[in-house]
Every structure is written in structure tokens, then in C-alpha cells.
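Chain by chain, the residues run as shown.
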Amino acid sequence: MSEEKLDIPTNCPSCDSKLLHFEDEVALRCINPRCPAQIKEGLTHFASRDAMNISGLGPSIVKKLFAADLVKDVADIYHLTVEDLLLLDGIKEKSAQKLYQAIQASKENSAEKLLFGLGIRHVGSKASQLLLQNFHSIESLAQANPEEIASIESLGSVIAQSLQTYFATEGSEILLRELKESGVNLDYKGQTVAANAALSGLTVVLTGKLERLNRSEAKNKLESLGAKVTGSVSKKQTLL
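First, a word on what this report is: a plain description of the structure on this page. (Residues numbered from 1 in each chain as written. Predicted model: local features only at pLDDT ≥ 70, side-chain atom pairs only at ≥ 80, totals over all residues. Heavy atoms only, no water.)

1. Here we look at the overall build of the protein chain
Logical step 1: Within the protein chain, the regular secondary structure consists of eleven helices and four strands.
Logical step 2: In the protein chain, buried positions account for 41% of the 240 residues.
Logical step 3: Per element, the accessible surface of the protein chain, about 14,500 Å² overall, is 50% carbon and sulfur. (Helix = DSSP H or I, 4+ residues; strand = E, 2+ residues; numbered from the N terminus. Buried < 20%, exposed > 50% of the residue type's maximum accessible area, 1.4 Å probe, protein only. Areas by Shrake-Rupley, 256 points an atom, 1.4 Å probe, with all protein chains shown as cover.)

Structure follows, in C-alpha cells:
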């Protein structure tokens, strides 16, 4: 049985961007956020509850949008009109109006929702929150050096490198510009944490029933004072 040598690809077969190899993986990856092969899955994630929270924009609608050639990247959803949505099979006036309104409302989200929605490798919702608390806008984060990012407690060099790699691509620059021009907010709207905050460096675990605040309100208050709030007891905790 003869063996045939296969050439290792260097460019993405879908968008021709250079493929990257990460140290912790065998596979080669395309990280271009405007790559057609990735955008279908990426748009579903972008619209999910923990990201931009666009109610009604699920996998079936995303598939129909691509089939109708109405979107080519996530920024294109902000160009959609009610008339565009009515072109989709099975979409009636009421559903089209509700989806359009949900898309418009998502423009006002605080920027950590957008950052998570971009689907950057290793950058989850909690990391997105911490990053925007410290850098205040996605544009500032895009200009930050890896050392600044890695210095934030609980983030580290892996996330820092992933962000630097993502923001270095031409596709990310184009996408952020398109989103901004469409009126999508790129700034953090939550509470920022001062370097000398009263609870800075402390780890707090919330448990039991709270008398004056619900758990979410207490968590937000503690985080605004610099504390790291977790849901489980460990030897790293400072307060319970």
C-alpha cells in the first residue's frame, strides 16, 4: 500500500487568511472573524443570552439569513430592516418586528457582552467582565499590550496572547469599525474598579439568604469595591 504525502495547509480554504497553530493544540485555526465558514456558528453565539442577548435570533433564523444572502458577518445584522426579515420563510410581521427591536436594543448593551459575543478564544463572559472593568472600552483593550492584560488577577498570559492575536487581524479591525458605525456600543457601562478599592484583592463567597439585597445585587456591589466573588468555598477565600 503506497503512502501519499499531504501538504500542510497554510491558508484558510474559506477566506484565505493565514492559519495559526497554537501551542496547546495540534490543529491549525483560522481566527479571521469575517471568515464565512465560521460566521454561521459565530452569529448564533453572538446572539446568545450571555452575549448580545438577541431574542429570536437562533440557529434556524441564522441559517435562513445566510441562505437569503442577507448577512456576511455579525455586523450585517444591524443593517437588517423589518422588510428584510419578512423575506425569510415562515417569518410574519409580528415576529419580524420583535426580532428587529431585539437587534436594535442590543446596540445599547455594555461592552463586555459584545466582547464575549465576538467568540475570542479563551475569553469567556467572566474574563470579558474583568477586561472591560479595567480597560473601559473594547477600543482601549484592542490597543493594550499583553503584559497589561496578563497583570489582571485571574486572567494571565494565555488570555492576553489570545486577545493580542485576535486584535492583530485585519478582520477584527474591520468588524469593530463596522459595529461602531452601526451604532453598537463599545464602552463599558458597568461599575469600574479603582486600583485602591476597599476590597481589592479579597475573595468573597456568598451563601445563605441575604436580608437587604438579592444575590445579584450583592455580587455587583462587592465587585464594584474590588472583591472577587465566587460561588464555592475554597482555601483562597477571604470572607464568607
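2. Points about the pattern of salt bridges
Note on pairing: side chains with opposite charge can pair once their charged atoms come close.
Logical step 1: This model, assessed by the stated rule, comprises three salt bridges.
Logical step 2: Among the salt bridges present, the one from K189 reaches E108, with a minimum N-O distance of 3.5 Å. Of this pair, K189 sits in the loop between α10 (170-181) and β3 (203-205) while E108 is found in the loop between α4 (93-106) and α5 (111-117), placing the two residues 81 residues apart along the sequence.
Logical step 3: The residue K180 makes a salt bridge to E139 at a minimum N-O spacing of 2.9 Å. (Salt bridge = Lys/Arg side-chain N within 4 Å of Asp/Glu carboxyl O.)

3. Here's the deal with the nonpolar core
Logical step 1: Membership of the largest hydrophobic core comes to 53 residues, with the highest contact counts inside it found for F46, I54, L57, L115, L131 and L179.
Logical step 2: Ignoring sequence-local partners within four residues, the contact set of L115 consists of I120, V123, S128, L131, L132, I138, L141 and F167. (Core = buried A, V, L, I, M, F, W, Y, C linked by side-chain atoms within 4.5 Å. Contact = heavy atoms within 4.5 Å.)

4. Overview of the side chain of S182
Logical step 1: Within the secondary structure, S182 sits in the loop between α10 and β3.
Logical step 2: There is a polar contact of 3.2 Å between the side chain of S182 and the side chain of H79.
Logical step 3: If sequence neighbours within four positions are ignored, S182 has contacts with A75, Y78, H79 and K107. (Polar contact = N/O pair within 3.5 Å; in protein donor to acceptor, adjacent residues only side chain to side chain.)

5. Regarding the environment of S154
Logical step 1: Considering the arrangement of structural elements, one finds S154 in the loop between α8 (146-150) and α9 (157-167).
Logical step 2: Considered as a pair, S154 and A127 are 27 residues apart in the sequence and their alpha carbons are 8.3 Å apart.

6. Focus on the packing of aromatic side chains
Logical step 1: Scanning all chains against the criterion turns up two aromatic pairs.
Logical step 2: Ring geometry for F46 and Y78: centres 6.4 Å apart, planes at 75°, overall edge-to-face. Of this pair, F46 sits in helix α1 (residues 36-46) while Y78 sits in the loop between α2 (59-67) and α3 (82-86); the two residues are 32 residues apart in sequence, bridging distant segments of the chain. Per residue, the accessibility class of F46 equals that of Y78, and both read buried.
Logical step 3: Their ring planes at 80° and their centres at 5.3 Å tell us that Y166 and F167 sit as a pair that is edge-to-face. Comparing Y166 with F167 shows no difference in burial state: the two are buried. (Phe/Tyr/Trp six-rings, centres within 6.5 Å; stacked < 30°, edge-to-face > 60°.)

7. Describing the side chain of E112
Logical step 1: Assignment of secondary structure puts E112 in helix α5.
Logical step 2: One buried charged side chain, E112, makes no salt bridge at all; its nearest oppositely charged neighbour is K113, positioned 7.1 Å away.
Logical step 3: Engagement of the side chain of E112 in a polar contact is seen with the side chain of S110, the distance being 2.5 Å.
Logical step 4: Residues in contact with E112, not counting those within four places in the same chain, are S128, Q129, L132 and Y188. (Lys, Arg positive; Asp, Glu negative; His and termini not counted.)

8. Structural notes on the environment of S162
Logical step 1: Structurally, the position occupied by S162 is in helix α9.
Logical step 2: Linking S162 and V123, residues 39 residues apart in sequence, is a C-alpha distance of 8.0 Å.
Logical step 3: Not counting chain neighbours up to four residues away, the residues in contact with S162 comprise I120, R121 and H122.

9. Some details on α4
Logical step 1: For α4, which comprises 14 residues, the first-to-last C-alpha distance of 20 Å matches the rise-based estimate of 20 Å (1.5 Å per residue) to within 8%.
Logical step 2: Every buried residue of α4 is accounted for by A96, L99, A102, I103 and S106. Angularly, the buried residues of α4 cover 130° about the axis, an arc narrow enough to put them on a single face. Along α4, exposed side chains directed more than 90 degrees from the buried face belong to K94 and K98.
Logical step 3: In this structure, the buried side of α4 is in contact with α2 and α3. (Expected span 1.5 Å × (residues − 1). Arc of directions from axis to C-beta.)

10. Remarks on unusual backbone geometry
Logical step 1: Even without being a glycine, D69 presents a positive backbone phi close to 60°.
Logical step 2: Take D69: it is sitting in the loop between α2 and α3.
Logical step 3: A positive phi angle is found at H136, which is not glycine, with a value near 70°.
Logical step 4: Inspection of the secondary structure assignment puts H136 in the loop between α6 (125-135) and α7 (138-143).

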